[in-house]
Amino acid sequence: GGCVWYVMTSPMTDAATRDFFAKESFFGIDEKDIVFFQQGTLPCLSTEGNVLMEAKGKVASAPDGNGGIYRALEESGSLADMKKRRIRYVHASSVDNALVLPCDPIFIGCCVEAGADCGAKVCPKACASEAVGVICK
């Protein structure tokens, strides 16, 4: 089989993302193999810890970040969909990573062959202060 693409959006980006995929004819992928699901949101706080307001009587909120994927997959029914489709391997990547190859067959194959529970491709930081993610043992 091929790859099913689960695309996490936020309430703020969902409609525009779906419209973009449709405009691009789902990039040649069968529409049934693209599943959109929304991440949650959290209230916005100032650096002093005060709740920020979007409007009078309405607390400002923002997407709950990459870590929200786990709850969102469960709550959206996407995990159940994966089980129904008998999906055995998941390749997750962030939209921030312009270098990622979605559904990378070589990387996934290496992880499967090694019997890894998970895998991560990384490159070294250019310097200690570079504002990129860090993976630790």
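Residues numbered from 1 in each chain as written. Predicted model: local features only at pLDDT ≥ 70, side-chain atom pairs only at ≥ 80, totals over all residues. Heavy atoms only, no water.

Chemist: Residue-level account of the pattern of salt bridges, with values.
Modeler: Applying the stated criterion to the full structure yields eight salt bridges. We note a salt bridge from Asp-81 to Lys-84, for which the minimum N-O separation is 3.9 Å. Within this pair, Asp-81 and its partner Lys-84 are both found in helix H3 (residues 78-84), separated by three residues, close to a single helical turn. Salt-bridge contacts for Arg-85 lead to Asp-81; the nearest nitrogen and oxygen are separated by 2.7 Å. On the accessibility criterion, Arg-85 (30% relative accessible area) is partly exposed. (Salt bridge = Lys/Arg side-chain N within 4 Å of Asp/Glu carboxyl O. Helix = DSSP H or I, 4+ residues; strand = E, 2+ residues; numbered from the N terminus. Buried < 20%, exposed > 50% of the residue type's maximum accessible area, 1.4 Å probe, protein only.)

Chemist: If you had to explain the state of the cysteines to someone new, which residues and values would you point to?
Modeler: Under the definition given, this model contains one disulfide. Disulfide pairing places Cys-3 opposite Cys-103 at an S-S distance of 1.7 Å. Measuring handedness by torsion sign, the sulfur bridge of Cys-3 and Cys-103 sits at about -50 degrees and is left-handed. Separated by 100 residues along the polypeptide, Cys-3 in the segment before strand E1 (5-9) and Cys-103 in the loop between H3 and helix H4 (105-114) bring together distant segments of the chain. Residue Cys-3 is classed as partly exposed on the basis of its relative accessible area of 42%. (Disulfide = S-S within 2.5 Å.)

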